[in-house]
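# Architecture and fold: a report
Here are the chains, one letter per residue:
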Amino acid sequence: PLKGVILVGGPSTGTRFRPLSMDLPKPLFPIAGRPMIHHHAAALAALAGMREILLMGFYEERIFDRFLDDLRNEFPQIAFRYLREYRALGTGGGLQHFSSELLRGNPAHLFVMNADIASSFPLREMLVDHQARSALATVLGIETDRSEARQFGCLVVDPETAAVKHFVEKPETFISNVISCGVYLFNPPIFDVMSEAIAARRATLQDELALDAEDVQASQQDERVNLEVDVLSRLTATGQLFAHVCVPQIDFWMQIKTPTSTIPANRQYLQYFREHAPRKLSRTEAELISPVYVHPSATVHPTARIGPNVSIGPRCTIGKGVRVRDAILLDQVDVKNDAAVLSAVVGWEGKIGAWCRVEGAPAESNQANEHATHKGMKIPTATILGKNVTLANEIAVRNCIVMPHKEIKTSCHNEILM
Ligand code: GTP
């Protein structure tokens, strides 16, 4: 049997996602009409032999209850649970802490995935490779632009054997354009390697710190075990780590760190569904330019032009003559007549006045270039409205981030509105 773990982090890991993480844990933010980690769960659930899928993080206990219930209804053959860390243990520390839970039922393999990514998740292909190579651990990799690679964990992969020879997190100089996707496949003996890695790390920490009471908090921070840095890079020395590299043109992958990155993530999923799972999209009627997801409870005026790359949430109302493109509208957004929403995220209960323009400059790249520079200042290439933002009629809001509950009465550009 197989198991899956989704590393969801906690309230403090979603800070770059403000203001959208102020009203909902980031892993539940809807992308292409479904919570961010629903896409992970669906990919895991599609594997033959998948028995149990666990969310692991340090959010409070009940926060995923409804989401887990929805998953149980959708995939009744699979058990779902949330494992809560008493504090942030790091991406490797939580796995080690819950190792007996994870090994219960003797799974042959364990998938582990970061929550904050969007991907076509080629898990089946990864599993086939993993088994064929009798690997202990396999990491999903993807080729990226040479100029962007250094922002990620970089993998130097032997082209013949697919063994990972070096694995360096955010290297100072270029070492490879193959980067880690934050998706891993392990066999149970990985937990022995984790124990060794953790013991080694504690030993160096104790030597370095000569702990006293004031250092406790600092040392707890330092005690966090990073799966890639502390555990996986150890495996490269012994040739036990392999890479499954995504196929360009078929697979996609990107990180979702900032609110702006939800727009390309939404676009990628919708376009992927158009090819591979059209039932997940809304049927294309005259006014919809595919791919589009419209929640069945939303009301869209027949003269509105929606799409491509648009997700519209529950109970939204889209007025006459409205234009929406490359955008996510969360629950209960009200867009009045003749407004345009382009390259933007409109938070829950947003109110967009008549003839408004809410827009961003579309980002060139999916990976990193989600900020443009304006007079030396980083500005978003999208407009992001937090929860319950109201825009007066006939104003333009361009490349702005607006905090929740604001009322905007005049046009603004390239600003963060607190
Ligand atoms: P950055 O670019 O620095 O953000 O690096 P990264 O992409 O490797 O991110 P990071 O390692 O912080 O997080 C990867 C995934 O693990 C995310 O989905 C986080 O939510 C999750 N995560 C981070 N820290 C913890 C932790 O202490 N416990 C758990 N369970 N998950 C975590």
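Residues numbered from 1 in each chain as written. Predicted model: local features only at pLDDT ≥ 70, side-chain atom pairs only at ≥ 80, totals over all residues. Heavy atoms only, no water.

## Focus: empty space enclosed by the protein
For clarity, the threshold we go by: A cavity, in this analysis, means grid points on a 1 Å lattice covering only the protein atoms where a 1.4 Å probe fits yet has no way out; a pocket is instead an open set bounded by protein on both sides within 12 Å along at least five of seven lines, and a residue lines either one if it has an atom within 4 Å of a point. Grid points are joined across faces, edges and corners, and a volume is the space filled by probe spheres set on the points. Strands are runs of DSSP state E lasting at least two residues, helices are runs of H or I lasting at least four, and both sets are numbered from the N terminus onward. Polar here means any residue other than Ala, Val, Leu, Ile, Met, Phe, Trp, Tyr, Cys and Pro, which are nonpolar, and Asp, Glu, Lys and Arg, which are charged; Gly is therefore polar.
Under the criterion given, the structure shown has two cavities of 30 Å³ or more. Empty space within the second largest cavity amounts to approximately 40 Å³. For the lining of the second largest cavity, the secondary-structure elements that each account for two or more residues are helix 4 (99–103) and strand 6 (109–114). Across the lining of the second largest cavity, the residue classes break down as eight nonpolar, two polar and no charged.

## Concerning the pattern of salt bridges
Worth spelling out the cut-off: Between Lys or Arg on one side and Asp or Glu on the other, a salt bridge is scored when a side-chain nitrogen of the former is within 4 Å of a carboxyl oxygen of the latter. Exposure is judged per residue with a 1.4 Å probe applied to protein chains only, and the accessible area is read against the type maximum: over 50% gives exposed, under 20% gives buried, and values in between give partly exposed.
Summed over the entire model, instances satisfying the criterion amount to 16 salt bridges. The closest approach of N and O atoms between Lys3 and Glu52, which form a salt bridge, is 2.9 Å. With Lys3 in strand 1 (residues 2–9) and Glu52 in strand 4 (residues 50–57), the pair connects residues that are 49 residues apart, well separated along the chain. Judged by its relative accessible area of 5%, Lys3 is buried. Among the residues examined, Glu52 registers a relative accessible area of 12% and is labelled buried. A salt bridge links Arg133 to Asp129; its shortest N-O distance comes to 3.5 Å. Members of the salt-bridge network, linked through shared partners, are Lys3, Glu52, Arg81, Glu101 and Arg104.

## A short note on the environment of Gln151
The residue Gln151 is located in the loop between strand 8 (137–143) and strand 9 (153–157) in this model. For Gln151, a relative accessible area of 40% corresponds to the partly exposed category. With 34 residues separating them in the primary sequence, Gln151 and Ile117 have C-alpha atoms 15 Å apart.

## Regarding the packing of aromatic side chains
Filter applied, for reference: Think of it this way: a Phe, Tyr or Trp ring, Trp meaning its six-membered ring, pairs with another when their centres are within 6.5 Å, and the plane angle makes it stacked under 30 degrees, edge-to-face over 60, tilted otherwise. We call a charge positioned over a ring when the NZ of a Lys or the CZ of an Arg lies within 6 Å of the ring centre and within 35 degrees of the ring normal.
Across all of its chains, the model carries ten aromatic pairs by this definition. Seen in terms of ring centroids, Phe17 and Phe29 are 5.3 Å apart; in terms of plane orientation they differ by 85 degrees. Their pairing is edge-to-face. Residue Phe17 is found in the loop between strand 1 and strand 2 (30–31), and its partner Phe29 is found in the loop between strand 1 and strand 2; the two are separated by twelve residues along the sequence. Pair check on accessibility: Phe17 and Phe29 agree, each one buried. Through a chain of ring-to-ring contacts, three or more aromatic side chains come together here, namely Phe252, Tyr269, Tyr272 and Phe273. Seen from the ring of Phe174, Arg146 lies directly overhead, with NZ or CZ sitting 3.7 Å from the centre.

## Quick word on the site of the ligand
The cut-off we apply is this: By convention in these notes, a residue is near a molecule or strand provided one of its non-hydrogen atoms lies within 4 Å of it. Polar contact criterion, stated in full: a pair of N or O atoms within 3.5 Å, where within protein one must be able to donate a hydrogen and the other to accept it, and residues adjacent in sequence count only if both atoms are side-chain atoms. Using the Shrake-Rupley algorithm and a 1.4 Å probe, accessible areas are obtained, with residue cover drawn only from the displayed protein chains.
Near the ligand lie 19 residues; those nearest to it are Arg16, Glu85, Gly90, Ala115 and Lys257. Take Arg16: an N or O atom from its side chain is 2.8 Å from an oxygen atom of the ligand. Contacts to the ligand include Asp116, whose side-chain N or O atom sits 3.4 Å from an oxygen atom. The fraction of the free accessible surface of the ligand (640 Å²) that becomes covered by protein chains is 81%. Counting residues per element, the ones that place at least two in the shell around the ligand are strand 1, strand 4 and helix 3 (90–97). For the shell around the ligand, the element with the most residues is strand 1, which contributes three residues. Looking at the shell around the ligand residue by residue, the class counts come to seven nonpolar, seven polar and five charged.

## A short note on the confidence of the model for the chain
The test is simple: Along the chain, pLDDT gives the predictor's confidence residue by residue, from 0 to 100. Working rule for contacts: check all heavy atoms of both residues, and any pair within 4.5 Å makes them a contact.
Across the chain, pLDDT averages 90, with 91% of residues at or above 70. The low-confidence segment residues 363–377 (pLDDT under 50) makes 37 contacts with residues lying over four places distant or belonging to another chain. Interface scoring of the predicted complex returns ipTM 0.95; its pTM is 0.92.

## Let's talk about the nonpolar core
Test applied: What makes a nonpolar core is a set of buried Ala, Val, Leu, Ile, Met, Phe, Trp, Tyr and Cys residues whose side-chain atoms join them at distances within 4.5 Å.
Residues Ile6, Val8, Phe29, Leu55, Phe111 and Leu123 are the most contacted members of the largest nonpolar core, which totals 68 residues. In contact with Val8, other than residues within four places in its own chain, are Thr13, Pro27, Ile37, Leu55, Met56, Gly57, Tyr59, Phe64, Tyr82 and Ala115.

## Considering the pairing of strand 8
What counts is decided by this rule: A pair of strands is labelled paired if DSSP reports no fewer than 2 bridges between them.
Within strand 8, six of the seven residues are buried, which leaves it mostly tucked inside the rest of the structure. Across five bridges, strand 8 lies against strand 12 (residues 241–245) in parallel orientation. By the bridge assignment, Ala137 is partnered in strand 12 with Leu241.

## A short note on the layout of surface pockets
Counted as a void, the second largest pocket has a volume near 850 Å³. Around the second largest pocket, the lining comprises 33 residues; the ones closest to its centre are Leu28, Pro35, Arg66, Asp70 and Asp331. Where the lining of the second largest pocket is concerned, the elements lending two or more residues are strand 3 (34–35), helix 2 (65–74), strand 17 (310–312) and strand 19 (323–329). Ranked by residue count, the leading element in the lining of the second largest pocket is helix 2, at six residues.

## Quick word on the sheet that holds strand 20 (residues 334–335)
Taken in spatial order, the six strands line up as 15-18-20-22-27-30 in an open sheet, and their pairing is parallel. Among the strands making up the open sheet, the edge pair consists of strand 15 (299–300) and strand 30 (407–408). Both strand 27 (residues 390–391) and strand 30 contribute to a ladder of two bridges, which runs parallel. If you follow Leu391 over to strand 30, its bridge partner there is Ile408.

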